[in-house]
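Structural description and commentary
What follows is the residue order along each chain.
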Amino acid sequence: MAISKFRQIIEVILKGASKTASDSKKVQKGLQGIAADAAKIGAAFYAAKGGINAMQNFSNNALAVQNLTPAFDNLRKSMGFSSDTLNKLNNALDGTVKQTDLMRVANQAMTLGVVDSEEGFANLFDTAQRLGKSLGVDTLHAIDSLVTGMGRQSIMMLDNLGIIVDSNKAYEDYAESIGKTASELTDQEKKIAFNNAALESAQDKVSVLGDENLTAADSFAQLARASNDFGAGIGALVMPVLDNMSELAGRLISNLN
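Residues numbered from 1 in each chain as written. Predicted model: local features only at pLDDT ≥ 70, side-chain atom pairs only at ≥ 80, totals over all residues. Heavy atoms only, no water.

**Observations regarding unusual backbone geometry**
- Positive phi values are uncommon outside glycine, yet Asp94 reaches one of about 60°.
- Phi is positive for Gln153, which is not a glycine, with a value near 50°.
- In this structure, Gln153 sits in the loop between helix 5 (139-151) and helix 6 (155-159).
- Relative accessible area serves as the criterion here: at 28%, Gln153 is assigned to the partly exposed category. (Helix = DSSP H or I, 4+ residues; strand = E, 2+ residues; numbered from the N terminus. Buried < 20%, exposed > 50% of the residue type's maximum accessible area, 1.4 Å probe, protein only.)

**Focus: helix 4 (residues 118-135)**
- Helix length check: helix 4 (18 residues) gives 26 Å between terminal C-alpha atoms against 26 Å at 1.5 Å per residue, within 8%.
- Among the residues making up helix 4, those that are buried are Glu118, Phe121, Ala122, Leu124, Phe125, Asp126, Thr127, Ala128, Gln129, Arg130, Leu131 and Gly132.
- On its buried face, helix 4 is in contact with helix 2 (85-92), helix 3 (99-111), helix 5 and helix 8 (187-207).
- At the exit of helix 4 stands Gly136, carrying a positive phi of roughly 75°. (Expected span 1.5 Å × (residues − 1). Contact = heavy atoms within 4.5 Å.)

**Describing the environment of Ala217**
- Tracing the backbone shows Ala217 in helix 9 (residues 216-256).
- Judged by its relative accessible area of 53%, Ala217 is exposed.

**Considerations on the nonpolar core**
- In this structure, Phe121 and Phe125 are the most contacted members of the largest nonpolar core, which totals 34 residues.
- Once you skip the residues sitting within four places of it in the chain, Phe121 turns out to touch Phe81, Thr85, Leu89, Ala106, Ala109, Met110 and Val115.
- In terms of nonpolar packing, the next biggest core, distinct from the first, is built from five residues, Tyr171, Tyr174, Leu185 and Ala193 among them. (Core = buried A, V, L, I, M, F, W, Y, C linked by side-chain atoms within 4.5 Å.)

**Topic: the packing of aromatic side chains**
- Per the counting criterion, the structure on display carries two aromatic pairs.
- Ring geometry for Phe81 and Phe121: centres 6.0 Å apart, planes at 45°, overall tilted. With Phe81 in the loop between helix 1 (2-78) and helix 2 and Phe121 in helix 4, this pair connects stretches of sequence that are 40 residues apart.
- For Phe81, a relative accessible area of 7% puts it in the buried group.
- Between Phe121 and Phe125, the ring centres sit 5.2 Å apart and the planes meet at 75°, which makes this aromatic pair edge-to-face. Within this pair, Phe121 and its partner Phe125 are both found in helix 4, separated by four residues, close to a single helical turn. Of the two residues, Phe121 and Phe125, neither departs from the other in class, the shared state being buried. (Phe/Tyr/Trp six-rings, centres within 6.5 Å; stacked < 30°, edge-to-face > 60°.)

**Structural notes on the environment of Asn74**
- Residue position: Asn74 is located in helix 1.
- Residue classification places Asn74 among the exposed positions, given a relative accessible area of 53%.
- Residues Asn74 and Asn107, 33 residues apart in the sequence, show an inter-C-alpha distance of 9.7 Å.

**Considering the pattern of salt bridges**
- Scanning the model with the defined rule gives seven salt bridges in all.
- Residue Lys88 is joined to Glu118 by a salt bridge in which the shortest nitrogen-to-oxygen separation is 2.8 Å. With Lys88 in helix 2 and Glu118 in helix 4, this residue pair connects regions lying 30 residues apart in the sequence.
- Glu118 sits in the buried class, given a relative accessible area of 11%.
- A single salt-bridge network, built from bridges that share partners, covers Lys88, Glu118 and Glu119. (Salt bridge = Lys/Arg side-chain N within 4 Å of Asp/Glu carboxyl O.)

Have a look at this one:
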């Protein structure tokens, strides 16, 4: 009798264990299904995230252009420059500098008052590019050195491009050209005298370099510039759509979390 009851107990335990194992397998399959769905959701999320990031980069480029454009337009108009100024600067630099950087250094040059004509503007940038290339200095750094050196009458900045200016001689030469003595020059006239001397020195150095030849590095820079500007153009078009997408994506991600 005791043995029979013991067998009954064993059977109950085994059946319970079997059911537990069966239930465990069901739970495991369920978890695997959830994991598979989660993996699909994750893959879709990161694929979408890559697209969103690309659109954000385009929009950031467009925003940078939009932020710089009002100042550029106001400055060029105040100096009597035409709406074609940016194109002339781009041509002077052989299309190797992206639009945002070009507008930034152009705004700097106009703010510091180192240019007085579109032709002079384009020539200034071309001179900086060619001097920089001859010294292994990138175009933006070369423009910054020339523009800042002239705008602030900084001999050290100009020295980065090998430009040497004798301030006293520059003042004397300019004063003589306008019928004054060096001591009679105003601060503005001294600035003009210094900048004239700096440009003359820079152009003398460029004149011995020969004709400008574009290199493979220039070709890569042109490609980078074209790609960046194209992205900025796309960004301007998709920005309103991206705003809506970002809001929707944010809510979707919150719900998924």
